[in-house]
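# Analysis of the macromolecular model
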Amino acid sequence: MERVAERLAAEGVRALRLRRVLALLADGWCSLDELVRRPAVERRTVEELLAAAGDDLEHRGERWRLAPGVVPAYRERFALDALPTPVDPLAEAVARHAELLARIEADIAAVPPPLPAMDHVPATPESVLRRALWLAENHDLTGARVLFLGDHDLTSLAACAVVPGLQVTVVDLDERTLEFIDTRAAERGFDIRCLHADLRFGLPSAAREWADLVVSDPPYTPEGVGLFAARALSCLRDPSRGRVLLAYGFSDRAPALGLKVQQELLRLGLVFEAVLPDFDRYRGAQAVGSASSWYVCRPTLRRQRVEHVTRRAVSIYTHGPQSVEATRGTDEETLRAVQDLAAGPERRPVGVRQVGWDRPVQAVPGGALAVDASGDLGPWLLRVLLAVTAERVAVLVRDTHPCLGDADARKALQAVVGDRYRLRFLRGTPGPRHAVVLAEQVPPDELDPAGRLRRYLLDRAHGKPANVWREALVEASGGTLTKNQARQLVAEHARRAGLREHELAGRLVDLPRHRLAVLLEAASRG
């Protein structure tokens, strides 16, 4: 107990949170996860406290408690029965929504598993509900638009349940999350549109200047928070009235990291109207106490100034091949091998491009391209094949890429782009950690009429599907269809397929993969 007292004394005014850890141990068995998450204390600090308690503790597997014989002494010495209750103005509101909380918990349990390399750490159902309630209680959301930059936590679904009729857009890199949210929203009649994007390479055109509020739980690096906040500002339709709401947490042991992140936000001209500490709890993220604060940010800079200071950093995560620490690029020998594969037997000149699909990428007539997508976690490959136009394309990826995992994954990718490119999957090439996806253009005369129409759409992935589809029908008819007749056909077949207005009015390259498949199928039937 003396070592515990010394540890608390070393914390000074911050010792209250460690006394809460002791109170949990005094109440009975607790897992390490609970000892971290409930009082929002970093794992390393909790482990130090457990080490200080030593033989006063009992443990059973992964659970701990104070030995019953020492509990009275600990309660008296550290005043554990007199601990103040943390102030939570939303506690009663959360308790009133028990049915909704149960639904949120079921959704979180059903969403595709988190991807650590994308810094996915699920928020608790209570935290997701708290976010939705806070939005409703602090803003007039009648007729408002809320945009979520990344939403593996499914806050968008909770917000639509709390505020009926709310207009929501979700922009995410993870195709699985987009499909899950899109499906649940359709089942519940929520007004949610889903768009695919990697914020490092730009925003979907339909997301720009659209929202009144932008909500995000970004990667907890200065690069990640800065990028997401900059993109959020570009999404506001009226920056003078809009707000950016960010979840961010840093370890009590590393305040310098928090300073760097806050400096990034200040650099973007964001003023902190409020910082609500420990607003969120997570199932994971123990290095930051499984908690984050809620930053309510007000823009002050003009939009043009924000666009000017936006950086394009690829390494933004805390884990995996795109982490800030993973800075090693692809070696020259590997890149030359990919160039040779792209050139093929004709040995045509080939350049190497980095990943990006904000604009079309066109090779010289008859030319080829090599693309270094070796950092791809899964979503980049399809977008590269939509954005690049060349007779032959060699895309370097990791050998563990999800689209190469098994025959079904390879067939699924081929099915989407098959009217444009014929794919070959070269595993272990040029080396054991890499693979090359070799794409060769399909000659148009090998396609049937439906295939040629799909090809027309795929070749113009940066166009608006409604316009491109109409033009394809006019061309396919040999001029016998007028533009108005073609437009009516597009509207009819889009309605039958359940395609929504925003999916026809945005860019094809921004559609989630599952909705792109619906569009191509509808075009085939039309």
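The preceding data block contains the structure.
### Regarding the pattern of salt bridges
Applying the stated rule across the entire model yields 46 salt bridges. A salt bridge links Glu-2 to Arg-77, with the nearest nitrogen and oxygen atoms 2.9 Å apart. One end of the pair, Glu-2, is in helix H1 (residues 2-11); the other, Arg-77, is in helix H5 (residues 71-77), and 75 residues separate them in sequence. A salt bridge links Arg-188 to Asp-107; its shortest N-O distance comes to 2.8 Å. With Arg-188 in helix H10 (residues 175-188) and Asp-107 in helix H7 (residues 98-110), this pair connects stretches of sequence that are 81 residues apart. For Arg-188, a relative accessible area of 26% gives the class partly exposed. When salt bridges with common partners are traced through the structure, they connect Arg-7, Glu-11, Arg-14, Arg-17, Glu-42, Arg-44, Glu-48, Asp-252 and Arg-253 into a single cluster.

### A word on the side chain of Ser-292
Counting through the fold element by element, Ser-292 comes out in strand S10 (residues 291-299). Separated by 2.8 Å, the side chains of Ser-292 and Tyr-282 make a polar contact.

### Description of helix H15 (residues 380-387)
Burial runs high along H15: 8 of the 8 residues are buried. Within the span of H15, buried status applies to Trp-380, Leu-381, Leu-382, Arg-383, Val-384, Leu-385, Leu-386 and Ala-387.

### Here we look at H7
Here H7 contains 13 residues, and its C-alpha end-to-end distance of 19 Å stays within 8% of the 18 Å for a straight helix at 1.5 Å per residue. Those residues of H7 that are buried are in contact with helix H8 (125-138), helix H9 (155-162) and H10.

### Looking at the layout of surface pockets
In this model, the largest pocket occupies a volume close to 1400 Å³. Lining the largest pocket we find 47 residues, and of these Arg-38, Ala-40, Pro-86, Asp-278 and Arg-281 sit closest to its centre. Only helix H2 (15-27), helix H6 (91-96), H8, strand S9 (270-281) and S10 provide two or more residues apiece to the lining of the largest pocket. In this structure, the second largest pocket spans a volume of roughly 920 Å³. In terms of lining residues, the second largest pocket is bounded by 46 residues, among which Met-118, Asp-119, Pro-218, Pro-219 and Tyr-220 are the most central. Contributing elements (two or more residues each) for the lining of the second largest pocket: strand S4 (145-149), strand S5 (167-172), strand S7 (213-216) and helix H11 (222-235).

### Comments concerning the packing of aromatic side chains
Tallied over the entire structure, the rule returns 9 aromatic pairs. Ring centres of Trp-134 and Trp-294 lie 6.1 Å apart, and the angle between their planes is 75°; this geometry places the pair in the edge-to-face category. Taken together, the residues Trp-134 in helix H8 and Trp-294 in strand S10 connect sequence positions 160 residues apart. We note that Trp-134, like Trp-294, is buried. Through pairs of rings, three or more aromatic residues link up here, namely Tyr-220, Tyr-248, Phe-250, Phe-272 and Tyr-295. Lying over the aromatic face of Phe-279, Arg-130 brings its terminal NZ or CZ to 4.5 Å of the ring centre. Positioned above the aromatic ring of Tyr-456 is the side chain of Arg-460, whose terminal nitrogen or guanidinium carbon lies 3.6 Å from the ring centre.

### Quick notes on the sheet that holds strand S1 (residues 30-31)
Strand-to-strand pairing in sheets goes through backbone hydrogen bonds, with the strands running parallel or antiparallel. What the 3 strands build is an open sheet, ordered S1-S3-S2; its pairing is antiparallel. In this open sheet, the two edge strands, each paired with only one partner strand, are S1 and strand S2 (57-60). Pairing analysis gives 4 bridges linking S2 to strand S3 (residues 63-66), with the strands arranged antiparallel. Looking at S3, one finds that Arg-60 is bridged to Arg-63. Against the sheet, H2 touches S1, S2 and S3, its axis set at about 95° to S3.

### Comments concerning the state of the cysteines
Under the defined criterion, the tally for this structure stands at 0 disulfides. Free cysteine Cys-194: the closest other cysteine sulfur is in Cys-160, separated by 10 Å. A residue is classified by how much of its surface remains accessible, and Cys-194, at 3% relative accessible area, is buried.

### Here we look at the sheet that holds S10
Read from one edge of the open sheet, 7 strands run S6-S5-S4-S7-S8-S10-S9, paired in mixed fashion. With one partner strand each, in any of the chains shown, strand S6 (191-196) and S9 form the two edges of the open sheet. With direction set aside, neighbouring strand axes in the sheet form an average angle of 20°. Direction of pairing for S4 relative to S5: parallel, over a ladder of 5 bridges. Opposite Leu-147, over in S5, you have Thr-169 as the bridge partner. Contacting S5 and S6, H10 runs over the sheet at an angle of about 165° to S6.

### Concerning the packing of H7 against H8
Where H7 meets H8, the closest approach of the two axes is 9 Å, and the angle between their N-to-C directions is 120°. Classified by the interaxial angle, the pair formed by H7 and H8 is oblique. Taken as a pair, H7 and H8 cross one another with a handedness that is right-handed. Here Leu-100, Leu-101, Ile-104, Glu-105 and Ile-108 of H7 lie close against H8, whose contacting residues are Pro-125, Glu-126, Val-128 and Leu-129. Looking at side-chain class alone, the contact of H7 with H8 contains 7 nonpolar, no polar and 2 charged residues.

### Brief notes about the nonpolar core
Leu-147, Leu-149, Ile-192, Leu-385, Val-388, Val-395 and Trp-469 are the most contacted members of the largest nonpolar core, which has 130 residues in total. If you tally residues by element for this core, the top one is H11, at 8 residues. Setting aside anything within four residues of it in sequence, one finds Ile-192 in contact with Ser-156, Leu-157, Cys-160, Val-168, Val-170, Ile-181, Ala-185 and Arg-500. Among the nonpolar cores identified, the runner-up in size contains 28 residues, and Leu-22, Leu-24, Leu-66 and Leu-80 belong to it.

### Quick word on the pairing of S5
A large share of S5 lies buried, amounting to 5 of its 6 residues. In this region the chain leaves S4, passes through H9 and returns to the parallel neighbour S5; the handedness of that crossover is right-handed. Taken together, the 6 bridges between S5 and S6 define a ladder with parallel strand orientation. Following the sheet pairing, Asp-172 is matched in S6 by His-196. The parallel pair S5 and S6, bridged by H10, forms a crossover whose chirality is right-handed.

Quick notes on the rules
- Residues numbered from 1 in each chain as written.
- Predicted model: local features only at pLDDT ≥ 70, side-chain atom pairs only at ≥ 80, totals over all residues.
- Heavy atoms only, no water.
- Salt bridge = Lys/Arg side-chain N within 4 Å of Asp/Glu carboxyl O.
- Helix = DSSP H or I, 4+ residues; strand = E, 2+ residues; numbered from the N terminus.
- Buried < 20%, exposed > 50% of the residue type's maximum accessible area, 1.4 Å probe, protein only.
- Polar contact = N/O pair within 3.5 Å; in protein donor to acceptor, adjacent residues only side chain to side chain.
- Expected span 1.5 Å × (residues − 1).
- Contact = heavy atoms within 4.5 Å.
- 1 Å grid on protein atoms, 1.4 Å probe; cavity = no way out; pocket = protein on both sides within 12 Å on 5 of 7 lines; lining within 4 Å.
- Points joined across faces, edges and corners; volume = space filled by probe spheres on them.
- Phe/Tyr/Trp six-rings, centres within 6.5 Å; stacked < 30°, edge-to-face > 60°.
- Lys NZ or Arg CZ within 6 Å of the ring centre and 35° of its normal.
- Pairing = 2+ DSSP bridges.
- Axes fitted to C-alpha atoms, helices over the stretch in contact; angles between N-to-C directions.
- Disulfide = S-S within 2.5 Å.
- Parallel < 35°, antiparallel > 145°, perpendicular 65-115°, else oblique.
- Left-handed = near helix turned anticlockwise from the far one by under 90°.
- Nonpolar A, V, L, I, M, F, W, Y, C, P; charged D, E, K, R; others polar.
- Core = buried A, V, L, I, M, F, W, Y, C linked by side-chain atoms within 4.5 Å.
- Right-handed = clockwise from strand over helix to strand, strands pointing away.

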